[in-house]
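# A look at the structure
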Amino acid sequence: MRASLPYALAVWRRNFALYQRTWKLNILPNFFEPVLYLLAMGVGVGAYITEMGGTSYIAFLAPGLVAVAAMNGASFEVTYNAFVRMNFEKTYESMLTTPIQPEDVLAGEILWATTRATLYGGCFLLIAMLWGLVTPLHALLALPITPLAGLLFAAIGIAFSLRIPSIDLFSFYFTLFLMPLFLFSDVFFPLEERLQGAWIYVAEALPLLHPVRLMRSAFQGTWSPVLLWDLAYVLALSALLLAIAARVTRRRLMA
Amino acid sequence: MCKRFGGKPAVADLDLEVPAGVCFGLLGPNGAGKTTALKMIYGSALPSAGRVLVFGMDVAREPRAVRRRLGVTLQENALIEALSPRDNLRVFGRYHLMSEPAIEQRIGELLEFLELRSHADLPVQALSGGFQRRLSIALSLLNRPELLILDEPTTGLDPAVRLSLWERLRALRAGGATILLTTHYMDEAERLCDDLAIVAHGKVVARGAPRELIASLLAPQALELELPAARHGALLNNLHSLRHAASGDRLTLYAKDAAALLDAVRRAESADAAELVSVRPTNLEDVFLALTGAHLSDGD
């Protein structure tokens, strides 16, 4: 069955209603995290680096960290939070007593994770702007990239969550998948300058690389044809994984 | 309908028809397949074979249309603990795509009907089990369901809360709703249900109104004795093997006329060590145990 937007929005509003109660606690760390990273890496480590990728180190770092914030925002929602709603809080079971269908649950959760990613990334973007690392105009250009990064990692995360039997496996997802992406996706150093030969092409498989490149271009207001590839990668992989998730959801939720 | 999990049948060939407007009980030991049967009725599980018609519609084909017209209270409360009952009801009303004014109006009615008003704005996690259960039932009533499905509605509740919930369910039934419930409390089934089915191993083993089942399967009166188990056989021989149930030293005999039976027991030599425990009307619990076995069955 195809997802219906009104029902998906009802699912989204369930999460939003809960978030409204807790946003004050949730949003504060969102402001501190970027400040801490920018201070330690940008100001601290950056003092020993004259330039990177043609800019100051802190200016190189900021766009990547915005993309990472979006990735993290989406990832927590579709992994731990979704798993708890699915298996412990019986949230989906109770939704399925109403006209809501499994596909609506999936669509609503993806929409919500994308929303959270936009909030996380948006906070970081705001800090970067106040710091003077991006002009308001370029920040506006960068803003729509946060939901794209969110959608991609919502799709990857939910495809994983729907297949695992135990919540303990998320520690693998975070330490063996998201952490390496964080470290090796152009966030801290220009990846392709460190790679040789065919490895440059292999690295293109890394999902975080593409939102980071899009974000950096938006920050700098530069354009290159490779951005089309980045955009296509994000959209195509999201669509593929969501199509797979849609098939699995029905089986997983309707025992 | 039939439902298998990895080859093992949870519901084997369950054939049931529930008329509109009655309160119907689905009884059975733990693991008998009651919850799975309910899930197939509201379409959150699909039968491995067979089909389920609700309001004349095949629920597997038209789940949205069917679920618009029914309400379900799950065995375990699935509430949003950080939110108040009022907010929980709002969220749930949106699952039915009700308009905001319609939701607010219905919330007012339900807070009244289930006596939740005093706690309507406290976080759910601060509420007692009785309040949480009433809220779960309120959620299932938001869309004014024609069919209300309740999976063990009163398990774990104190007697006062149970009584008040029974009274609410009777009011709903009087209002024309069809009620389908599972329970482990035979007194609950006896008091609430017009009609019931006892299932064991995924099949219906008895079906009828509580009084009819008692009359047709056992006898109206029960006599309970305490007698060493080794002597049960001799006594039953003396009494010409009437209907009975034994559990340890406790022997329960069923008869039309308990007074005459008591006389017969007193005359029987084999009963000289028997101690009379009680003479009482036969109840649904006797029928249930006779049909499903007094032994502990597999847990679910």
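Just so we're clear, the structure is a prediction, and the values are computed from it rather than from any experiment. Here the residue index of a chain counts from 1 through its sequence in written order. The lettering of chains begins at A and the numbering of ligands begins at 1, in the order of writing. Side-chain atom pairs in this predicted model are given and counted only at pLDDT of 80 or more, local residue features only at pLDDT of at least 70, and totals for whole chains, interfaces and linings cover all residues.

Quick look at the overall build of chain A now. Looking only at helices and strands, chain A features 11 helices and zero strands. Secondary structure elements are defined from DSSP: runs of H or I of at least 4 residues count as helices, runs of E of at least 2 residues count as strands, and each element is numbered from the N terminus. Ordering the α and β elements of chain A from the N terminus gives α-α-α-α-α-α-α-α-α-α-α. Two things to know: the radius of gyration comes from C-alpha atoms, and the globule rule equals 2.2 Å times the number of residues to the power 0.38. Computed over C-alpha atoms, the radius of gyration of chain A comes to 19 Å, within 12% of the 18 Å expected from 2.2 N^0.38 for 255 residues, which places it in the range of a compact globule. Projected onto its principal axes, the C-alpha positions of chain A cover 60 × 45 × 35 Å.

Before going further, it helps to examine the sheet that holds strand β7 (residues 147-151) of chain B. Residues and elements named next belong to chain B. Pairing between strands requires that DSSP locate at least two bridges from one strand to the other. Pairing within the open sheet is mixed, and its six strands lie in the order β6-β7-β8-β3-β9-β10. Each edge of the open sheet is held by one strand with a lone partner, namely β6 (70-73) and β10 (203-208). On average, each strand axis in the sheet is inclined to that of its neighbour by 15°, with strand direction left out of account. Helix axes use the C-alpha atoms of the stretch in contact, all axes being lines fitted to C-alpha atoms, and the angles between their N-to-C directions lie in the range 0 to 180 degrees.

Residue and element names in this part refer to chain B. Read across the open sheet, the four strands follow the order β12-β13-β11-β14; overall the sheet is antiparallel. Only two strands of the sheet have a single partner each, and these edge strands are β12 (244-247) and β14 (275-281). Taken pair by pair, the neighbouring strands of this sheet meet at an average axis angle of 15°, ignoring direction. Across six bridges, the pairing between strand β11 (residues 221-226) and strand β13 (residues 250-255) is antiparallel. Paired with E226 across the two strands is R250, which belongs to β13. Contacts from helix α10 (residues 258-267) reach β11, β13 and β14, with the element oriented near 30° to β11. Contact definition: two residues whose C-beta atoms, as placed from backbone geometry, lie within 7 Å.

This brings us to the interface of chain B and chain A. Across the contact, 21 residues belong to chain B and 22 residues belong to chain A. Of the residues contributing to the side of chain B that touches chain A, the split by class is 13 nonpolar, two polar and six charged. Polar here means any residue other than Ala, Val, Leu, Ile, Met, Phe, Trp, Tyr, Cys and Pro, which are nonpolar, and Asp, Glu, Lys and Arg, which are charged; Gly is therefore polar.

Working rule for helices: expected span equals 1.5 Å times residues minus one. With 17 residues, helix α6 (residues 145-161) of chain A extends 24 Å between its outermost C-alpha atoms, agreeing within 8% with the 24 Å of an ideal straight helix rising 1.5 Å per residue. Three exposure classes are used, based on other C-beta atoms lying within 10 Å of a residue's own C-beta, which is placed from the backbone: buried for 20 or more, exposed for 12 or fewer, and partly exposed in between. Of all 17 residues making up α6(A), 16 are buried, and the element is well covered by its neighbours.

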